[in-house]
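Results of the structural survey
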Amino acid sequence: MLDDLLNDWLAHFHPEFQGIRVIGDRWSANSHRIKDFLARNQIPYRWLDIERDADAQKLLTYAEAQAPCLPMVLFADGEAQPNPDNLQIAEKIGLQTQAANPFYDLVIVGGGPGGLAAAVYGASEGLRTVMIEREAPGGQAGTSSRIENYLGFPVGLSGSDLARRAVTQAKRFGVEILTPQEATGIRLKDDYRVVTLADGSELASHAVILAMGVSWRRLNVPGTERLTGAGVYYGAAQTEAIACQGEEVFVVGGANSAGQAAMYFSRFASKVVMLVRGESLTKSMSQYLIDQIDATDNIEVWTHSSVIEAKGDNNLEALTIQNSQTGESQTLPAKSLFIFIGARPYTDWLGHDIARDERGFILTGPDQAFSGQTIEPWRLERDPYLLETTVPGVFAVGDVRHGSVKRVASGVGEGSICVQFVHQYLSNL
Ligand SMILES: Cc1cc2nc3c(=O)[nH]c(=O)nc-3n(C[C@H](O)[C@H](O)[C@H](O)COP(=O)(O)OP(=O)(O)OC[C@H]3O[C@@H](n4cnc5c(N)ncnc54)[C@H](O)[C@@H]3O)c2cc1C
């Protein structure tokens, strides 16, 4: 109880800053990457914009930095690293990136709500559990500014609070959380499932739970690819909101994630323009969010509107927006575009044994019988368990699963009950 209270207090207490400083240019994609990585892993840092902050240049001189060195990360012990990658930062700040053991009862791939719930239940029920997360625990939910429909939190809670609590809980039960670390392959060796990691190392286990969720779909119009991280962002509302203070912000998308982001930006931006392809928000967004948006003076919803081009040399400077009803397009000055246009699973790395539907979502349990695909026949006498994939002992939960509900609570529910099927699987080995 005391730990819980102290953790809550620590998450909101802001003493005089003595930790990590990130010095950079607001429009650099690497500055954005580093800030996003630190923020999503709940590592406090101070951002110093080289163009706006007088201390930035002084600190660079003090660190004896040679140009070009930006973005520069200054750690609390005085070490300065120019443009470090996420793994270097993780190692420096003491995140666990390598597994302590070569073998586990349960390997979980993905640290969103589904993976975290599976980790808590697995470890609390005595399974030696390791969870691999390529960005930061919390997954998509960790990027949400306010989750209002999660049971037991009547005034909502932020995704980062949920992630922080879940990570504390998982670690208390002894889960090893490897981050940032990415699973790149999975193979069978006798009764073992072997997961390959991006650095070439391998983890063997009896059972694997796949909880990779989904990632933002890219907006494929001229300019967006080149300007990603330099004014064009996917998700990332929490990391960039403060930098948009007093500016006009454009949000693409008409679902709940876009609505939540618009509400969050409305606290910082002078105006938020939501660009929605359809005729209204009602088909795609929860009513409570539509009501909040209606009641917020500085949010405008432009229906029938799509971005057809992003312009700018080094950073976003203008957007061309087309109205599908009138066919007219207009080019407006813009510094920030946040894109929330649905998502897709990244499951190509799984190989052919683990069957997916045509969009890449993993088939589990009874789905397999109805998939209509020519998949490797199930060779066991028993039927697959409810959340089991076409490979015995490999399970899938949450958004990555074919037919999933795509909510925090359902990911948590599936992650939790999946551990029961893991136990059943292990008892028959
Ligand atoms: C902005 C936003 C707001 C939302 N708001 C709500 C809300 O208010 N209420 C609600 O119920 N739902 C909400 N959702 C939906 C909800 O967050 C998702 O349904 C939920 O997070 C799904 O959980 P998951 O564990 O299945 O996957 P995810 O949350 O997607 O997590 C998957 C994790 O796996 C990791 N990963 C992927 N591939 C690999 C790999 N190869 N190796 C290692 N790690 C990997 C990813 O980095 C990610 O962290 C929101 C989503 C977004 C984006």
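Residues numbered from 1 in each chain as written. Predicted model: local features only at pLDDT ≥ 70, side-chain atom pairs only at ≥ 80, totals over all residues. Heavy atoms only, no water.

On to the site of the ligand. Among the 35 residues in the neighbourhood of the ligand, the closest are listed as Gly-114, Glu-133, Gln-140, Gln-260 and Asp-399. Contact with the protein chains covers 95% of the free accessible surface of the ligand, which is 1000 Å². Residue assignment for the shell around the ligand shows that the elements contributing at least two residues are helix H5 (113-124) and helix H9 (256-265). Of the residues belonging to the shell around the ligand, the class tally is 13 nonpolar, 14 polar and eight charged. (Near = heavy atom within 4 Å. Areas by Shrake-Rupley, 256 points an atom, 1.4 Å probe, with all protein chains shown as cover. Helix = DSSP H or I, 4+ residues; strand = E, 2+ residues; numbered from the N terminus. Nonpolar A, V, L, I, M, F, W, Y, C, P; charged D, E, K, R; others polar.)

If you walk across this open sheet you meet the five strands as E12-E19-E13-E14-E15, and the pairing is parallel. Two strands in the sheet have a free side with no partner beyond their single neighbour: strand E12 (232-234) and strand E15 (299-302). The mean angle between the axes of side-by-side strands here comes to 20°, regardless of whether they run parallel or antiparallel. Two strands pair when backbone bridges link them, and strand E14 (residues 271-275) and E15 are joined in this way by four bridges, in the parallel orientation. Counterpart to Met-274 in the pairing with E15 is Val-301. (Pairing = 2+ DSSP bridges. Axes fitted to C-alpha atoms, helices over the stretch in contact; angles between N-to-C directions.)

Close contact between H9 and helix H10 (residues 287-294) brings their axes to 10 Å; oriented N to C, the two are set at 30°. Between H9 and H10, the angle falls in the class roughly parallel. With respect to the hand of their crossing, H9 and H10 are arranged in left-handed fashion. The segment H9 lies against H10, with Asn-256, Gly-259, Gln-260 and Met-263 engaging Tyr-288, Leu-289, Gln-292 and Ile-293. (Parallel < 35°, antiparallel > 145°, perpendicular 65-115°, else oblique. Left-handed = near helix turned anticlockwise from the far one by under 90°. Contact = heavy atoms within 4.5 Å.)

What follows deals with the pattern of salt bridges. Applying the stated criterion to the full structure yields 19 salt bridges. Of the charged contacts, one joins Arg-46 and Asp-55 as a salt bridge, the two residues approaching to 3.9 Å between their closest N and O atoms. The exposure class of Asp-55 is partly exposed, given its relative accessible area of 31%. When salt bridges with common partners are traced through the structure, they connect Asp-8, Asp-161, Arg-164 and Arg-165 into a single cluster. (Salt bridge = Lys/Arg side-chain N within 4 Å of Asp/Glu carboxyl O. Buried < 20%, exposed > 50% of the residue type's maximum accessible area, 1.4 Å probe, protein only.)

What follows concerns the packing of aromatic side chains. Within this structure, the stated rule accounts for nine aromatic pairs. Plain terms: the ring middles of Tyr-385 and Phe-421 are 6.2 Å apart, the flat faces sit at 15° to each other, and that makes the pair stacked. One end of the pair, Tyr-385, is in the loop between helix H11 (367-370) and strand E21 (394-396); the other, Phe-421, is in helix H12 (residues 408-427), and 36 residues separate them in sequence. When its relative accessible area of 14% is taken as the criterion, Phe-421 is described as buried. An aromatic cluster is built from Tyr-233, Phe-265 and Phe-338, whose rings are joined through pairwise contacts. One residue, Lys-92, lies across the ring of Phe-75, its end atom 5.6 Å from the ring centre. (Phe/Tyr/Trp six-rings, centres within 6.5 Å; stacked < 30°, edge-to-face > 60°. Lys NZ or Arg CZ within 6 Å of the ring centre and 35° of its normal.)

Among the surface-exposed residues, Leu-6, Trp-9, Leu-10 and Phe-13 lie close enough to one another that they form a single nonpolar patch of about 430 Å² accessible area. Secondary-structure assignment places Phe-13 in the loop between helix H1 (2-12) and strand E1 (20-24). (Patch = residues over 30% accessible without salt bridge, like charges linked within 9 Å, V, L, I, M, F, W, Y side chains within 5 Å.)

Considered domain by domain, the chain is made up of domain 1 (18-93), domain 2 (103-214 + 345-427) and domain 3 (224-339). When each unit is reduced to the centre of its C-alpha atoms, the spacing between domain 1 and domain 2 is 33 Å. Taken together, the contact pairs seven residues of domain 1 with 10 residues of domain 2. Interface area for domain 1 against domain 2, summed over the two sides, is near 690 Å², with a carbon-plus-sulfur share of 50%. Of all residues in domain 1, Arg-40, Asn-41 and Gln-42 bury the most surface against domain 2, accounting for 73% of the area lost on that side. Remark: the boundary between domain 1 and domain 2 carries one salt bridge. Arg-40 is the salt-bridge partner of Glu-135, the closest N and O atoms lying 2.9 Å from each other. On the surface where domain 1 and domain 2 come into contact, there are four residue pairs in polar contact (both at pLDDT 80 or more). Going through the elements one at a time, helix H2 (29-40) and helix H4 (86-93) are the ones with two or more residues in the side of domain 1 that touches domain 2. (Domains from an automatic or database assignment. Buried area = accessible area lost by both parts, 1.4 Å probe. Polar contact = N/O pair within 3.5 Å; in protein donor to acceptor, adjacent residues only side chain to side chain.)

A separate point is the side chain of Asp-161. Turning to its location among the elements, Asp-161 is positioned in helix H6 (residues 159-172). Judged by relative accessible area, Asp-161 falls into the buried class, the value being 18%. Engagement of the side chain of Asp-161 in a polar contact is seen with the side chain of Arg-164, the distance being 3.0 Å.

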